[in-house]
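Results of the structural survey
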Amino acid sequence: MPGNDYSADLQLLIEAAQEAGRIATPYSNADPEIWDKPDGAGPVTEADLAVNRMLEAELKAARPDYGWLSEESPPDSDRLHKDRVFIVDPIDGTRSFIEGSQTWAHSIAIAEKGKVVAGVVFLPLRNKMYTGALGAGAALNGEPMQPSDQSDLARASVLVAKPVMEERNWTVLPDFKRSHRPSIAYRLSLVAEGRFDAMVTLRPSWEWDIAAGNIIVQEAGAHTSDKMGVALQFNNPDPRQAGMLAANAPLHREVLGALR
C-alpha cells in the first residue's frame, strides 16, 4: 500500500456522499416510511434504502472489482475474496434522522487488504464533509484537521454513551467531561477535528459505522484501536469490532490504562 495514490478513490467517495445528501435531505423532517429490522437491529427508513440503492449502483459501476459491505445490503461473502471493498453506512444515526436531528451522516469508506485507505463522513444538513485518505491527511471541507493535544483524561472532553460510564468498565471511574452524538461516524470525525479529545465505545461496533471515521482520525494524527488496544482490521467475515477508542497517542494510552 505505501506509495499508492488514493486520491481518485477519495474523490469518488466525496461525489457519492454529495449525491447521497441530495437524495436523503428531502426525506428529513418529511415523515419517511419506517420499518423495524429483524432481531431488534433498529429502524430503517425509505431514505436509508434509497441512498443505499444509489451508492451500490454508482460505486459498483465505478469500481466493479471492489467488494461491497453495507448495513442495508444483504450479506455478500464474495467481498472476503476482494483486495478492496466499499464499507458503507447509507445513513449513520437513523434514529436521529427520524427525530429530525441534523447530526446524521453518510459514512463511506474503502478498505484494502484489511486497512481502510479512504473515507468520507458527510453531514448534509450541517454542510460538513470530513475526508481522509492514506498518506494524504484529513480535512473538513477541504481544510486540514488535527486532533487535540489534551493528555490528561481527568481534563478531557470525551464522546461516550451513558452505559460506558458504568463503574464495572473502569479500574477507577474517571471524572472527565462526557458528551454524546448519535452518529458514531460523526463522533470520530469530531475527535479528528479536535473539538473533542476522545471517543470511547465498548459495545461491538459494526465496520460500516466506524470504517470512514477510522481513516479520518488516523490521518488527522490520532490513534484508533478496539477497546483492548488492538489495531482494527476491516472486511472480516463477522463485520464487528470489539468496541473502539480514538484519541491522540498519550490520551489513548491513558484511556486504555483506565479501562478494566
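Refer to the structure printed above.
Residues numbered from 1 in each chain as written. Predicted model: local features only at pLDDT ≥ 70, side-chain atom pairs only at ≥ 80, totals over all residues. Heavy atoms only, no water.

Okay, the pairing of strand β3 (residues 67-70) next. A two-sided burial pattern is seen for β3, the buried positions comprising Gly67 and Leu69 on one face and Trp68 and Ser70 on the other. Relative to strand β4 (residues 84-92), β3 is paired through four bridges, and the arrangement is parallel. In the sheet register, Leu69 faces β4, and the bridge partner there is Ile87. (Buried < 20%, exposed > 50% of the residue type's maximum accessible area, 1.4 Å probe, protein only. Helix = DSSP H or I, 4+ residues; strand = E, 2+ residues; numbered from the N terminus. Pairing = 2+ DSSP bridges.)

Hydrogen bonds along the backbone pair up the strands of a sheet, which may run parallel or antiparallel. A sheet is described by the order of its strands in space; here seven strands give the open sequence β3-β4-β5-β6-β7-β8-β9, paired in mixed fashion. One side of each edge strand has no neighbouring strand; the edge strands of this open sheet are β3 and β9 (143-144). One ladder, built from four bridges, connects strand β7 (residues 128-133) with strand β8 (residues 137-140); its direction is antiparallel. Counterpart to Thr131 in the pairing with β8 is Ala139. Each of β4, β5 (105-112), β6 (115-123) and β7 touches helix α1 (residues 7-24); the most contacted strand, β6, lies at about 30° to it. (Contact = heavy atoms within 4.5 Å. Axes fitted to C-alpha atoms, helices over the stretch in contact; angles between N-to-C directions.)

Another point: the layout of surface pockets. The calculated volume of the largest pocket comes to roughly 1,400 Å³. Taken together, 48 residues make up the lining of the largest pocket; nearest its centre are Ala41, Glu71, Arg203, Trp206 and Asp209. At the level of secondary structure, the elements contributing two or more residues to the lining of the largest pocket comprise β3, β4, α3 (94-99), α4 (184-193), β13 (205-206) and α5 (207-220). When residues of the lining of the largest pocket are assigned to their parent elements, the largest contribution, four residues, is made by α3. Of the residues contributing to the lining of the largest pocket, the split by class is 20 nonpolar, 12 polar and 16 charged. (1 Å grid on protein atoms, 1.4 Å probe; cavity = no way out; pocket = protein on both sides within 12 Å on 5 of 7 lines; lining within 4 Å. Points joined across faces, edges and corners; volume = space filled by probe spheres on them. Nonpolar A, V, L, I, M, F, W, Y, C, P; charged D, E, K, R; others polar.)

Of all eight residues in β5, eight are buried, a share of seventy percent or more. Burial along β5 is two-sided: the residues Ala105, Ser107, Ala109 and Ala111 and His106, Ile108, Ile110 and Glu112 are all buried. One ladder, built from seven bridges, connects β4 with β5; its direction is antiparallel. Looking at β5, one finds that Ile87 is bridged to Ala109. Alignment of β5 against β6, held across seven bridges, turns out to be antiparallel. Its bridge partner being in β6, Ile110 is matched across the sheet by Ala118.

We now examine the nonpolar core. One finds Ile87, Val121, Tyr130, Met199, Ile216 and Phe234 to be the most contacted residues of the largest nonpolar core, which totals 36 residues. For this core, the elements supplying multiple residues, two or more each, are β4, β5, β6, β8, α4, α5 and β16 (244-247). The dominant element in this core, judged by the number of residues it contributes, is α5, at eight residues. Filtering out sequence-adjacent residues up to four positions away, Ile216 remains in contact with Gly119, Val120, Val121, Tyr130, Thr131, Gly132, Ala138, Met145, Ser189 and Ala192. Ala17, Met54, Trp104 and Val120 belong to the second-largest nonpolar core, a separate cluster that totals 29 residues. (Core = buried A, V, L, I, M, F, W, Y, C linked by side-chain atoms within 4.5 Å.)

Okay, the sheet that holds strand β12 (residues 198-201) next. Read from one edge to the other, the open sheet built from five strands follows the order β11-β10-β12-β16-β14, with strand pairing classed as mixed. Edge strands, defined here as strands with exactly one partner in the open sheet, are β11 (177-179) and β14 (223-225). Neighbour-to-neighbour, the strand axes of the sheet open up by a mean angle of 20°, direction not taken into account. Two elements, β14 and β16, share three bridges in a ladder whose sense is antiparallel. Across the sheet, residue Ser225 finds its bridge partner in β16, namely Leu245. Its contacts with the sheet put α5 on β14 and β16, and the angle it makes with β14 is roughly 145°.

Here we come to unusual backbone geometry. Backbone geometry places Lys113, a non-glycine residue, at a positive phi of 50°. Note on placement: Lys113 falls in the loop between β5 and β6. One non-glycine residue with positive phi stands out, namely Asn127, at about 50°. Note that Asn127 resides in the loop between β6 and β7. Its relative accessible area of 54% is what places Asn127 among the exposed residues.

Spatial relationships are all this shows, so hold off on functional conclusions.
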